[in-house]
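Single-letter residue listing:
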Amino acid sequence: MIYFIDGKFTDKDQLNISVDDRGYYFGDGVYEVVKVYNGELYTAEEHFERLLQSAAKIKMTIPYSQQQLIEIAKELVERNKIDTGHIYLQVTRGASLRIHQFPDPSVLPVVTAYAIPNERPLKNMAEGVSAKFVEDVRWLRCDIKSLNLLANVLAKQEAFEDGCAEAIFVRDGFVMEGSSSNMFGVKDGVVYTHPATNLILNGITRQVILKLCSEIGIQVKETAFTPEDALKMDEFFMTSTTAEVTPVILIDGNQIGSGQPGEITKKLQEAFSRQMP
Ligand code: PDD
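Rules used throughout
Residues numbered from 1 in each chain as written. Predicted model: local features only at pLDDT ≥ 70, side-chain atom pairs only at ≥ 80, totals over all residues. UniProt positions renumbered as here; feature names shortened; annotations may be inferred. Helix = DSSP H or I, 4+ residues; strand = E, 2+ residues; numbered from the N terminus. Rg over C-alpha atoms; globule rule 2.2 N^0.38 Å. Buried ≥ 20, exposed ≤ 12 C-beta atoms within 10 Å, placed from the backbone. Pairing = 2+ DSSP bridges. Near = placed C-beta within 6 Å. Nonpolar A, V, L, I, M, F, W, Y, C, P; charged D, E, K, R; others polar. Core = buried A, V, L, I, M, F, W, Y, C linked by C-beta atoms within 7 Å. Domains from an automatic or database assignment. Contact = placed C-beta atoms within 7 Å. Axes fitted to C-alpha atoms, helices over the stretch in contact; angles between N-to-C directions.

- With an unreviewed UniProt entry as reference, the chain is termed D-alanine aminotransferase, source organism Sporosarcina contaminans.
- Quoted straight from UniProt, the Sequence similarities (unreviewed entry) entry for the chain says "Belongs to the class-IV pyridoxal-phosphate-dependent aminotransferase family."

Given below as structure tokens:
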């Protein structure tokens, strides 16, 4: 497998990563996951724009432009002959002896990326999955796509141990998002989702879905709702780069609506599939 690191394309076993990388010590960095369909990057501009924004929010300058990042991703797709899969790209604040404050003099951020085959989750999309409410113990900058994912990892593990595919974060009595996805409920034909504040990641798939809703004529309310409201929804679904639009049919063992993927969810899945490369 060919990876990208520090300006070069290198075989995975030739990679040279410093143990002093601040990604290891502090999770001090940002990342993106970009989907590849039919050998083509999907919504790459949006993902790398968000990467640059995440970096700016943690006062880090990425040594590549949005266009250069897209070129790196494209080359990884070609060199690794990816048809359906994804790109993972992360940038850390660089390698330096372990001190909390930024290195001074500054060091170059370390950019690492790879491309990997990954099939669409067609079974989950057709059948739906179950989820579990978990208390949101994350920090207050969930809008940053940071490498610091310990709370997300623990939440996902808790969900998995309960036989669920995803954890739904609840903060101060309101549904936020999933541990690695955004959450949507549908009630009386209206789609509800948490507004894009500092408390959630404004998913690129979330933004695509909101646009598709407006094109199809489905009403959307970006309003926070409670776990009790969630259980009374007619339909529920989650979105992410890898999960696309996946119905959530069971939460904490409670059936949502009919317990089957809902009509609006299916409409959005079809609309999503239609606009993929
Ligand atoms: N996760 N919320 C969180 C906390 C996420 O980690 C993700 C994505 C999303 C959905 O964002 P998008 O639609 O841009 O993929 C929402 C990625 C896929 C991951 O960490 O693997």
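**Focus on the overall build of the chain**
Here is step 1 of the chain: Assigned secondary structure in the chain consists of eight helices and 15 strands.
Here is step 2 of the chain: Its C-alpha radius of gyration of 19 Å places the chain within 12% of the 19 Å reference for a compact globule of 277 residues.
Here is step 3 of the chain: Expressed as lengths along the three principal axes of its C-alpha atoms, the size of the chain is roughly 55 × 40 × 35 Å.
Here is step 4 of the chain: The buried share of the chain, taken over its 277 residues, is 39%.

**Structural notes on the pairing of strand 1 (residues 2–5)**
Here is step 1 of the chain: Two strands pair when backbone bridges link them, and strand 1 and strand 2 (residues 8–11) are joined in this way by four bridges, in the antiparallel orientation. Each bridged residue has a counterpart across the sheet, and for Phe4 the counterpart in strand 2 is Phe9.
Here is step 2 of the chain: Hairpin geometry of strand 1 and strand 2 is characterised by an intervening segment of two residues between the two adjacent antiparallel strands and by a positive phi of about 50 degrees at Asp6.
Here is step 3 of the chain: Across two bridges, strand 1 lies against strand 6 (residues 110–117) in antiparallel orientation. Directly across from Phe4, in strand 6, lies its bridge partner Ala113.

**Let's talk about the site of the ligand**
Here is step 1 of the chain: Residues in contact with the ligand amount to 15 residues; listed here are only the nearest, Leu201, Gly203, Ile204, Thr205 and Thr241.
Here is step 2 of the chain: Of all elements in the fold, only helix 6 (204–216) and strand 13 (235–240) reach the threshold of two or more residues within the shell around the ligand.
Here is step 3 of the chain: Broken down by element, the residue count for the shell around the ligand peaks at three residues, all from helix 6.
Here is step 4 of the chain: Of the residues assigned to the shell around the ligand, the class counts are three nonpolar, ten polar and two charged.

**Concerning the nonpolar core**
Here is step 1 of the chain: Membership of the largest hydrophobic core comes to 39 residues, with the highest contact counts inside it found for Ala131, Ala167, Ile168, Phe184, Phe236, Val248 and Ile251.
Here is step 2 of the chain: Residue contributions to this core peak at five residues, all from helix 6.
Here is step 3 of the chain: Core analysis: the second largest hydrophobic core is formed by 23 residues, Val36, Leu69, Val91 and Ala113 among them.

**What about the domain arrangement of the chain?**
Here is step 1 of the chain: Each assigned domain of the chain is listed here: domain 1 (2–117) and domain 2 (122–274).
Here is step 2 of the chain: The centre of domain 1, based on its C-alpha atoms, is set 27 Å off from the matching centre of domain 2.
Here is step 3 of the chain: Each side of the interface is counted separately: domain 1 has 18 residues, and domain 2 has nine residues.
Here is step 4 of the chain: Of all the secondary structure elements, the ones that give two or more residues to the side of domain 1 that touches domain 2 are strand 3 (29–37), helix 2 (44–57) and strand 5 (85–92).
Here is step 5 of the chain: Sorting elements by how many residues they give to the side of domain 1 that touches domain 2 places strand 3 first, with seven residues.
Here is step 6 of the chain: Looking at the side of domain 1 that touches domain 2, its residues break down into five nonpolar, eight polar and five charged.

**Digging into unusual backbone geometry**
Here is step 1 of the chain: Geometrically, the link from Asp104 to Pro105 is a cis peptide bond, its omega value of 5 degrees lying close to zero.
Here is step 2 of the chain: Here Pro105 is to be found in the loop between strand 5 and strand 6.
Here is step 3 of the chain: Its identity as a non-glycine residue notwithstanding, Asp6 has a phi of 50 degrees, on the positive side.
Here is step 4 of the chain: Although it is not a glycine, Lys59 adopts a positive phi angle of roughly 60 degrees.

**Looking at the sheet that holds strand 4 (residues 40–41)**
Here is step 1 of the chain: Spatially, 2-1-6-5-3-4 is the arrangement adopted by the six strands of the open sheet, whose pairing is antiparallel. Two strands close off the open sheet at either side, each with one partner strand: strand 2 and strand 4.
Here is step 2 of the chain: For strand 3 and strand 4, the ladder comprises two bridges, and the chain directions are antiparallel. Paired with Val36 across the two strands is Leu41, which belongs to strand 4.
Here is step 3 of the chain: Helix-sheet contacts for helix 2 involve strand 3, strand 4 and strand 5, and the interaxial angle to strand 3 is about 175 degrees.
Here is step 4 of the chain: Its contacts with the sheet put helix 3 (residues 66–79) on strand 1, strand 2, strand 3, strand 4, strand 5 and strand 6, and the angle it makes with strand 6 is roughly 40 degrees.

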